[in-house]
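Chain and residue survey
What follows is the residue order along each chain.
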Amino acid sequence: MFNLLFAEAFKLRHRLRAWLGPLLIMVLVLIAFPLSIDVSQYDLNKFYFSIIVISLLMISFLATESIFSEDYEDGSLEQIYLEEKDFYKVALTKISIYVFFIGIPMSLIGSVFSFANGVSADELPKIFVVLLFSTLILFNLFAFGSALSLNKGAMLGVLVSLPLTLPVIVLLGRAVRTIQYGEGFLEVLALLLGVGLILMAIMPLIISATLKTHLE
Amino acid sequence: MSNFAFSTLQDFFIMDGHGIYVWSVYLVSLTLIVISFQVTNRKLHQQKIKNAQK
Amino acid sequence: MYLPYVMYLGFFLLAIGWVWGLGFAPQDAIQGNSYRIIFLHVPASIFAQLIYFFMAVCALMHLVWRVKLAAYLIKSAAPVGVIITFIALFSGSIWGIPTWGTWWQWDARITSTLILFIMYLGILTLHSSFSNLEKADRLMSILVVVGVVNIPIIKKSVDWWSTLHQPASITISEAPSIDSSMLYPLLVSISGMGLTLIALGILISRLYIFTREKNKKWVQNYE
């Protein structure tokens, strides 16, 4: 198990594009948003969070887009299939690694930028945790999307997995409201974490079935 | 079944100014369903001919 | 063989339900006459969801027992779903103009119906992007089974958000909240719509089977 963890982490470290790329794009998107509107007219912190959520959504997808397809192309997926007949462990490690190396920095960037746009400092950790837990959900769902489309390009994957993620966006909107009003935050947080953990357990199973279908 | 809800036929079409909404919705939906039946039927017919030629 | 009967019975019931609903049901006290869209909107919305459930059952059958026909049924039910979900959305937004004063509202149920619409299209797109049809069938089934989680969320989201959408008109467990003079034509319209859609689904699946199995002997000899 640990060997696999290290191997996947090592792989990601060597694919600079796969982990640094999404983070830089996230920063660029968050910079671009205030530039596109007249900052003097609008109270940015009111709806800056929604832009963070949307960029989190899109960049989670970008980050997981090639999570399986590169391994599929260089044949290592097939090798695993021949050895183990199952992808549960691989999918689980891959997603955890992605959450650890991309999800956490992304949530950090998001909360730092919301701080820079007028959200108060004591709300910062709350925003960070909310974003982190939602990357847990988003990465699982988008990994499923990219497993479905595998070598058919990003468009198909995002088309089939984006509808599944929209409830998460709803929940995030609710989380923001609870942060603003200060009530019921923990409930929403628990819900996000619960959904994230359930997906973490189930989704690799489904992804494994999907990848098997591709390799059969 | 109770009585006809409108006093005149004209009332029936106008429906107190809501007729335009009601009738357009029914018309569009009905057309959509009928067209999908038509198109499928025609394609099925063509496919049958094609299959028979083999 | 039985297809024309189903189709004509569906059309017949739909006609009765609509004429009854449009002409003879009493006027609604609050919404006036615009509520008469209900006899189209509610059947459409119900079947927009039911068709997805049907597809999910088929998908399970296909994944567990590898029933080939189940995959064909999913593939043929999806276009019917697209049509009826579009009708539900369209009728709903037109209905919104006179009653709510807006044709679109970011209300949970409307939004999730729109998501359902996109999901139907996504399923069709997924299936069409693989040239290996067996693989496409299985991937599509997986997606349908995973997507069925979205339907309870559609139901629940009305409770989660406070919205201006009226609660569902008919529930199985509780007494319906609308008067029987409106309920009966509604039920007739629902059954008529159901039969019509079943007929359309059978027709489409027949076309699909004929197209896909065109090299099989029995298809070539059919009629």
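Since the structure is predicted, the reported quantities are computational estimates derived from the model, not experimental observations.

1. Some details on the overall build of chain A
Counting its secondary structure elements, chain A contains 9 helices and 0 strands. When the helices and strands of chain A are listed from N to C terminus, the series reads α-α-α-α-α-α-α-α-α. A globule of 216 residues ought to have a C-alpha radius of gyration of about 17 Å, and chain A, at 18 Å, matches this closely. The principal-axis extent of the C-alpha atoms belonging to chain A is close to 60 × 35 × 30 Å. Looking at chain A as a whole, 43% of its 216 residues are labelled buried. Within chain A, contacts between residues separated by at least 24 positions form 78% of all contacts whose residues are at least 6 apart in sequence.

2. Focus on the overall build of chain C
Summing up its helical and strand segments, chain C has 8 helices and 0 strands in all. Across chain C, helices and strands are ordered from the amino to the carboxyl terminus as α-α-α-α-α-α-α-α. The proportion of buried residues among the 223 residues of chain C is 44%.

3. As for the interface of chain C and chain A
Accessible area lost during the coming together of the parts is what is often quoted as the interface size. With 16 residues of chain C at the contact, the number on the chain A side is 14 residues. Elements with a minimum of two residues in the side of chain C that touches chain A: helix 4 (108–128), helix 5 (133–147) and helix 6 (150–160) of chain C. Of the residues belonging to the side of chain C that touches chain A, the class tally is 9 nonpolar, 5 polar and 2 charged.

4. Re helix 2 (residues 38–65) of chain C
If you check helix 2 of chain C, its first and last C-alpha atoms are 40 Å apart, about what 28 residues at 1.5 Å a residue would give, namely 40 Å. Positive backbone phi, at 55 degrees, marks Arg-66 of chain C, one or two positions downstream of helix 2 of chain C.

5. Describing the nonpolar core
If you look at the biggest cluster of nonpolar residues, it comprises 124 residues, and the most contacted ones within it are Ala-143 of chain A together with Ile-74, Ile-84 and Leu-143 of chain C. Counting residues per element, this core draws most heavily on helix 3 (residues 68–100) of chain C, at 16 residues.

6. Details of helix 6 (residues 88–116) of chain A
An α-helical turn contains 3.6 residues, so any two residues separated by three or four positions project in the same direction. Residue and element names in this part refer to chain A. An ideal rise of 1.5 Å per residue puts 42 Å on 29 residues; helix 6 measures up with 40 Å between its terminal C-alpha atoms. Roughly 35 degrees is the biggest bend found in helix 6, and it falls at Val-99. Gly-118, located one to two residues past helix 6, shows a positive phi value of around 100 degrees.

7. Notes on the environment of Leu-133 of chain C
Topologically, Leu-133 of chain C is positioned in helix 5. Between the C-alpha atom of Leu-133 of chain C and that of Arg-212 of chain C, which follows or precedes it by 79 residues, the distance is 9.2 Å.

8. What about the packing of helix 2 (residues 16–36) of chain A against helix 6 of chain A?
Axes are the key here: two packed helices are described by the angle between their axes and the distance separating the axes. All names here are of chain A. Viewed as axis vectors pointing N to C, helix 2 and helix 6 meet at an angle of 15 degrees, and their least axial separation amounts to 10 Å. Considered as vectors, helix 2 and helix 6 are oriented roughly parallel to each other. Two packed elements cross with a definite hand, and for helix 2 against helix 6 that hand is right-handed. Each of Trp-19, Pro-22, Leu-23, Met-26, Val-27 and Leu-30 in helix 2 lies in contact with helix 6, whose residues at this interface are Phe-101, Ile-102, Pro-105, Met-106, Ile-109 and Phe-113. Its residues placed into classes, the contact of helix 2 with helix 6 shows 12 nonpolar, no polar and no charged.

9. Considering unusual backbone geometry
Phi is positive for Arg-66 of chain C, close to 55 degrees, though the residue is something other than glycine. A residue is classified by how many C-beta atoms lie within 10 Å of it, and Arg-66 of chain C, with 13 of them, is partly exposed.

10. Topic: the confidence of the model for chain C
Summing up the model confidence of chain C, the mean pLDDT is 80 and the portion of residues at 70 or higher is 78%. Two summary scores accompany this predicted model of the complex, namely pTM at 0.86 and ipTM at 0.85.

11. As for the environment of Ala-15 of chain C
All names here are of chain C. Assignment of secondary structure puts Ala-15 in helix 1 (residues 3–24). The class for Ala-15 is partly exposed, based on 13 C-beta atoms found within 10 Å. For the pair Ala-15 and Val-57, spaced 42 residues apart in sequence, the C-alpha to C-alpha distance is 30 Å.

12. Some points on the packing of helix 2 of chain C against helix 3 of chain C
Residues and elements named next belong to chain C. Two numbers describe how helix 2 lies on helix 3: the axes approach to 8 Å, and their chain directions differ by 160 degrees. Our classification of the angle between helix 2 and helix 3 gives roughly antiparallel. Here helix 2 and helix 3 pass one another in a crossing that is left-handed.

13. Notes on the confidence of the model for chain A
Scored by pLDDT, chain A has a mean of 84; 96% of the residues are at 70 or more. For chain A, helix 1 (residues 2–14) of chain A is the element with the lowest average pLDDT, namely 71, and helix 7 (residues 124–149) of chain A is the one with the highest, namely 90.

Conventions we followed
Residues numbered from 1 in each chain as written. Chains lettered and ligands numbered in written order. Predicted model: local features only at pLDDT ≥ 70, side-chain atom pairs only at ≥ 80, totals over all residues. Helix = DSSP H or I, 4+ residues; strand = E, 2+ residues; numbered from the N terminus. Rg over C-alpha atoms; globule rule 2.2 N^0.38 Å. Buried ≥ 20, exposed ≤ 12 C-beta atoms within 10 Å, placed from the backbone. Contact = placed C-beta atoms within 7 Å. Nonpolar A, V, L, I, M, F, W, Y, C, P; charged D, E, K, R; others polar. Expected span 1.5 Å × (residues − 1). Core = buried A, V, L, I, M, F, W, Y, C linked by C-beta atoms within 7 Å. Bend = angle between axes of the 7 residues up to and from the residue. Axes fitted to C-alpha atoms, helices over the stretch in contact; angles between N-to-C directions. Parallel < 35°, antiparallel > 145°, perpendicular 65-115°, else oblique. Left-handed = near helix turned anticlockwise from the far one by under 90°. pLDDT = per-residue confidence, 0-100.

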